[in-house]
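Here's the letter readout for the chains.
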Amino acid sequence: MRHDVFPRPAATAPAAPALRSRIALGVRDSFSAGLGIFPLGIALGLLIVQAGLPWWLAPALSLAAFAGSLELLLVGMMATVTPLAAVALTVLVVNFRHVFYAFSFPLHLVRHPVAKAYAVYAMIDEAYAVNASLPEHERSAPRLLALQIACETYWVGGGLVGVALGAALPAPVKGLEFALCALFTVLTLDAFRSRAELPSLLLAAASATVALVLTPGMAMFTALLVFVALLLVRHLATARRSADA
């Protein structure tokens, strides 16, 4: 008796577990950055209350302008009624570095237009640094978006906690803003921990030194421009050596 045998389709891994695994990895990636983001959010909430501004400004500012260092500056500028032109120039100088992030941030992994728009909006220093330390084959859109959403959750949640603490504590609290410097130091060491990135670390140090000597009033802006120029020179030199090899 003849039996028809139909080939079985190749077994494939379920999509849902793979998606959940990538999201879990993104949340786990956020833990190291969250240790600095959450205290910074608390500092923002405390500053808002101590400046006499309304409590709802903490979540509103965090959602409208998801940029920690800029928000800390804006609180003081709003409290002193700084002219709008000065505020606009400050925003441009402080956040101009994000233009360079876009050159190497893996936005191409995010396909959905709404998700891509959020990835651009939430492209903060911490998300960039953590993602830069990941191998190329381990990056994915769910992992990236989970990292960014977790970072924003830490920031907004920290701001609300800071508002509550500021309303409960009788005296002002100072010194929490140092978490910003400590966080950037840790992220820098993590991003340049491999020997392959040692030249970039040296170029960054040289750029900062030149900027502090030549333009101390706008050192960050100058350092970014010098650093990008040096990175381009290094890239061209590396490509030429590879072509000659």
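Bear in mind that the values here come from a model prediction, so they are computed numbers and not experimental data. (Residues numbered from 1 in each chain as written. Predicted model: local features only at pLDDT ≥ 70, side-chain atom pairs only at ≥ 80, totals over all residues. Heavy atoms only, no water.)

1. With respect to the overall build of the protein
Working step 1: Helix and strand content of the protein: 11 helices and zero strands.
Working step 2: Listed N to C, the secondary structure of the protein is α-α-α-α-α-α-α-α-α-α-α in terms of helices and strands.
Working step 3: Relative to its full complement of 245 residues, the protein shows a buried share of 35%.
Working step 4: Partitioning the contacts of the protein with sequence separation of at least 6, the portion at a separation of at least 24 is 75%. (Helix = DSSP H or I, 4+ residues; strand = E, 2+ residues; numbered from the N terminus. Buried < 20%, exposed > 50% of the residue type's maximum accessible area, 1.4 Å probe, protein only. Contact = heavy atoms within 4.5 Å.)

2. Quick look at the pattern of salt bridges
Working step 1: Across all of its chains, the model carries three salt bridges by this definition.
Working step 2: Across the salt bridge formed by arginine 143 and glutamate 138, the nearest N and O atoms sit 3.7 Å from each other.
Working step 3: One salt-bridge network, in which partners are shared between bridges, spans Asp29, Glu138 and Arg143. (Salt bridge = Lys/Arg side-chain N within 4 Å of Asp/Glu carboxyl O.)

3. Details of the packing of helix 2 (residues 57-64) against helix 8 (residues 141-168)
Working step 1: Following both chains from N to C, one finds helix 2 and helix 8 inclined at 160 degrees, their axes separated by 9 Å at the closest point. By the criterion of interaxial angle, the relationship of helix 2 to helix 8 is roughly antiparallel. Handedness of the helix 2/helix 8 crossing: right-handed. Contacts from Ala58, Pro59, Ser62 and Leu63 of helix 2 reach helix 8 at Glu152, Trp155, Val156, Gly159, Leu160 and Val163. (Axes fitted to C-alpha atoms, helices over the stretch in contact; angles between N-to-C directions. Parallel < 35°, antiparallel > 145°, perpendicular 65-115°, else oblique. Left-handed = near helix turned anticlockwise from the far one by under 90°.)

4. Looking at the packing of helix 10 (residues 198-214) against helix 11 (residues 219-244)
Working step 1: Between helix 10 and helix 11, the least distance of the axes is 8 Å, while the angle of their chain directions is 140 degrees. The angle between helix 10 and helix 11 places the two elements in the oblique class. Read as a crossing pair, helix 10 and helix 11 show a hand that is right-handed. Residue-level inspection shows Pro199, Ser200, Leu203, Ala204, Ser207, Ala208, Ala211 and Leu212 of helix 10 in contact with helix 11, the latter providing Ala219, Thr222, Ala223, Val226, Phe227, Leu230, Leu231 and Arg234.
Working step 2: Here the residues of the contact of helix 10 with helix 11 are counted per class, giving 12 nonpolar, three polar and one charged. (Nonpolar A, V, L, I, M, F, W, Y, C, P; charged D, E, K, R; others polar.)

5. Quick notes on the packing of aromatic side chains
Working step 1: The full count for this structure, using the stated rule, is three aromatic pairs.
Working step 2: Measuring from centroid to centroid gives 6.1 Å for phenylalanine 66 and tyrosine 121, while their planes differ by 40 degrees, and the two rings are tilted. One end of the pair, phenylalanine 66, is in the loop between helix 2 and helix 3 (68-79); the other, tyrosine 121, is in helix 6 (residues 113-121), and 55 residues separate them in sequence.
Working step 3: With relative accessibility at 29%, the residue tyrosine 121 sits in the partly exposed group.
Working step 4: Each member of the aromatic cluster is reached from another via a ring pair, and the members are Phe66, Tyr118 and Tyr121. (Phe/Tyr/Trp six-rings, centres within 6.5 Å; stacked < 30°, edge-to-face > 60°.)

6. Focus: helix 7 (residues 125-132)
Working step 1: Counting buried positions along helix 7 gives six out of eight residues, so the element sits mostly inside the fold.
Working step 2: For helix 7, every residue scored as buried is listed here: Asp125, Glu126, Ala127, Ala129, Val130 and Asn131.

7. Things to note about a nonpolar patch on the surface
Working step 1: A cluster of nonpolar side chains, contributed by Leu19, Ile23, Val27 and Phe31, occupies part of the molecular surface with about 320 Å² of accessible area.
Working step 2: Assignment of secondary structure puts leucine 19 in helix 1 (residues 15-50).
Working step 3: Residue leucine 19 is classed as partly exposed on the basis of its relative accessible area, which comes to 41%. (Patch = residues over 30% accessible without salt bridge, like charges linked within 9 Å, V, L, I, M, F, W, Y side chains within 5 Å. Areas by Shrake-Rupley, 256 points an atom, 1.4 Å probe, with all protein chains shown as cover.)

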